[in-house]
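Spelled out from the first residue to the last, the chains are:
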Amino acid sequence: MKPFVAAVDWGTSSFRLWVLASDGTVLAEARSDEGMMKAISLGFPAVLDRHLGDVGAGADLPVMICGMAGARQGWREAPYLDTPAALDDLGAQAVTIDGQIRDIRILPGVAQRDPDWPDVMRGEETQLLGAIGQGTRSGLVCMPGTHAKWVELRDGVVRRFATVVTGETFAVLREHSILRLALDGQPQPEADDPVFLETVRAVYQDPALGVARLFAIRAGPLLGVRDPAQGAARLSGLLIGMELAAARARFGSIGKVQLVAAGRLEGVYRAALRAVETSVETVDADVAVRAGLLGAARTIW
């Protein structure tokens, strides 16, 4: 099949490239840890050209990029679209990288310029565009990750959203707080871990006590009243339970949620949402970002 576009998801710490046919078939792909932070020193053109060469992309193959390559510290800043942001217009707002042999575009992020709730996203808007292409034009969308995004969509328009730093908070507490003494060497819990699910339900019902429950992760094993091996499950349950409660407070209800996720996070969040009696439908995040990049590319090429 003939290559149509090179689709790139360029994150803070990761780089993913797919050569796509016009129908979305993946013809080749490349992945590395050369996200924005490394590309700043290595050079964005050098990183991209090397990976395009590795997958045999021709010099005339256009490139559509989303994510942190369009940040202020990235390759070229792609100005934010302000909420309410119509995602169908995303491709038309892409910026062009000048001085390159091939046609390279970077998609904008989305900004929420509410003084009471300022927020930004880069990359997730492209996943949302892909999800819209699969029928998710309205409703509440959850996109878990280091910085989880909760988005209210209405007929393909981002009305408002909220970022919850659940993943980063877990990492900071596990590695840089007193809780590390109770969590050392423990893997993150599986989706069916009963302690994790029990903790999610408890905190969701009473989120005001969520922060006050954190130190018990250390004190319980110290006093011999809790299994030391349950620390990571309790911490993850506390943080995700507080995240779900925050989403309920922000959006009024999380009775039905479209989950855009992949891998372990998809299973964990699906189980957590079902534990608080939320109806969940899932869109694979990798499929969504490819579909979003392809959709944006079709509006141009």
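Residue positions are counted from 1 within each chain, in the order its sequence is given. Residues qualify for local features only when their pLDDT is at least 70, as the model is predicted, and side-chain atom pairs are given and counted only at 80 or more; totals for whole chains, interfaces and linings, by contrast, use all residues. Only hydrogens and water are removed before side-chain values are computed, so all heavy atoms of the structure are retained for them.

1. Looking at the pairing of strand 4 (residues 63-67)
Looking along a regular strand, one sees the side chains alternate between the two faces of the sheet. Counting buried positions along strand 4 gives five out of five residues, so the element sits mostly inside the fold. Three exposure classes are used, based on accessible area relative to the maximum for each residue type with a 1.4 Å probe and protein chains only: buried under 20%, partly exposed in between, and exposed over 50%. Numbering goes from the N terminus for both helices and strands, where a helix is a DSSP run of H or I of at least four residues and a strand is a run of E of at least two. Residues of strand 4 alternate between two faces, with Val 63, Ile 65 and Gly 67 on one and Met 64 and Cys 66 on the opposite face, all of them buried. Whether two strands pair depends on DSSP finding at least two bridges between them. With five bridges connecting them, strand 1 (residues 3-10) and strand 4 associate as parallel partners. By the bridge assignment, Asp 9 is partnered in strand 4 with Cys 66. Across three bridges, strand 4 lies against strand 8 (residues 104-106) in parallel orientation. By the bridge assignment for strand 8, Val 63 is matched with Ile 104.

2. With respect to the pattern of salt bridges
Salt bridge criterion: a side-chain nitrogen from Lys or Arg within 4 Å of a carboxyl oxygen from Asp or Glu. Applying the stated criterion across every chain, the model contains 14 salt bridges. The salt bridge partner of Arg 72 is Glu 77, with a shortest N-O separation of 3.7 Å. When its relative accessible area of 67% is taken as the criterion, Arg 72 is described as exposed. Linking Arg 160 and Glu 152 is a salt bridge whose minimum nitrogen-to-oxygen distance equals 3.3 Å. Note on Glu 152: relative accessible area 18%, which makes it buried.

3. A short note on helix 10 (residues 285-300)
Take the residue count of a helix, subtract one, and multiply by 1.5 Å to get its expected span. Across its 16 residues, helix 10 extends 23 Å between first and last C-alpha, which sits within 8% of the 22 Å expected from 1.5 Å per residue. Every buried residue of helix 10 is accounted for by Ala 285, Ala 288, Val 289, Arg 290, Gly 292, Leu 293, Leu 294, Ala 296 and Ala 297. The term polar contact refers here to a pair of N or O atoms within 3.5 Å; inside protein, the definition further demands a hydrogen-donor-capable atom paired with an acceptor-capable atom, and it admits residues adjacent in sequence only when both atoms are side-chain atoms. Capping the start of helix 10, Asp 284 holds a side-chain oxygen 2.9 Å from the backbone nitrogen of Asp 286, two or three residues further along.

4. Considering the sheet that holds strand 9 (residues 110-112)
Read across the sheet, three strands follow the order 5-9-10 without closing on themselves; strand pairing throughout is mixed. Pairing within the sheet leaves two strands with one partner each, and these edge strands are strand 5 (81-82) and strand 10 (119-121). Pairing analysis gives two bridges linking strand 5 to strand 9, with the strands arranged parallel. Among the inter-strand pairings, Asp 82 is bridged to a residue of strand 9, identified as Ala 111.

5. A look at helix 9 (residues 263-275)
Relative to the 18 Å expected for 13 residues at 1.5 Å per residue, helix 9 spans 19 Å between its end C-alpha atoms, a close match to the ideal helical length. Turning to helix 9, its buried residues are Glu 266, Gly 267, Val 268, Tyr 269, Ala 271, Ala 272, Leu 273 and Ala 275. Looking at the residues trailing helix 9, positive phi occurs at Glu 277, about 65 degrees.

6. As for the nonpolar core
The criterion is simple. A nonpolar core is a set of buried Ala, Val, Leu, Ile, Met, Phe, Trp, Tyr and Cys residues joined through side-chain atoms within 4.5 Å. In this structure, Leu 107, Leu 128, Val 151, Leu 153, Val 158, Val 260 and Leu 293 are the most contacted members of the largest nonpolar core, which totals 34 residues. Only strand 1, strand 2 (15-21), strand 4, helix 3 (124-133), strand 11 (139-143), strand 12 (148-154), strand 13 (157-164) and helix 10 provide two or more residues apiece to this core. Looking at which element gives the most residues to this core, the answer is helix 10, with seven residues. Contacts between residues were defined by any pair of non-hydrogen atoms, one from each residue, lying within 4.5 Å. Sequence-distant contacts of Leu 153, defined by excluding residues within four places in its chain, comprise Leu 87, Leu 128, Ile 132, Thr 136, Arg 137, Ser 138, Gly 139, Val 141 and Val 158.

7. Observations regarding the sheet that holds strand 8
Read across the open sheet, the six strands follow the order 3-2-1-4-8-7; overall the sheet is mixed. Each edge of the sheet is formed by a strand with only one pairing partner; in this case those strands are strand 3 (26-32) and strand 7 (95-96). Axes here mean lines fitted to C-alpha atoms, for a helix over just the part in contact, with angles spanning 0 to 180 degrees between N-to-C directions. Against the sheet, helix 2 (residues 44-54) makes contact with strand 1, strand 2, strand 3, strand 4 and strand 8, and its axis sits at roughly 45 degrees relative to strand 2, the strand it touches most.

8. Examining the layout of surface pockets
In this structure, the largest pocket encloses a volume near 1000 Å³. Along the walls of the largest pocket sit 34 residues, with Arg 122, Glu 124, Gln 127, Gly 145 and Thr 146 positioned nearest its centre. Counting residues per element, the ones that place at least two in the lining of the largest pocket are strand 1, strand 4, strand 10, helix 3, strand 14 (256-261) and helix 10. The element that contributes the greatest number of residues to the lining of the largest pocket is helix 10, accounting for three residues. Put simply, the grid is 1 Å and covers the protein atoms alone, a cavity is a trapped set of points that fit a 1.4 Å probe, a pocket is an open set with protein on both sides within 12 Å along at least five of seven lines, and lining residues have an atom within 4 Å of a point. Grid points are joined across faces, edges and corners, and a volume is the space filled by probe spheres set on the points.

So far we have only geometry, and geometry alone does not tell us how the molecule works.
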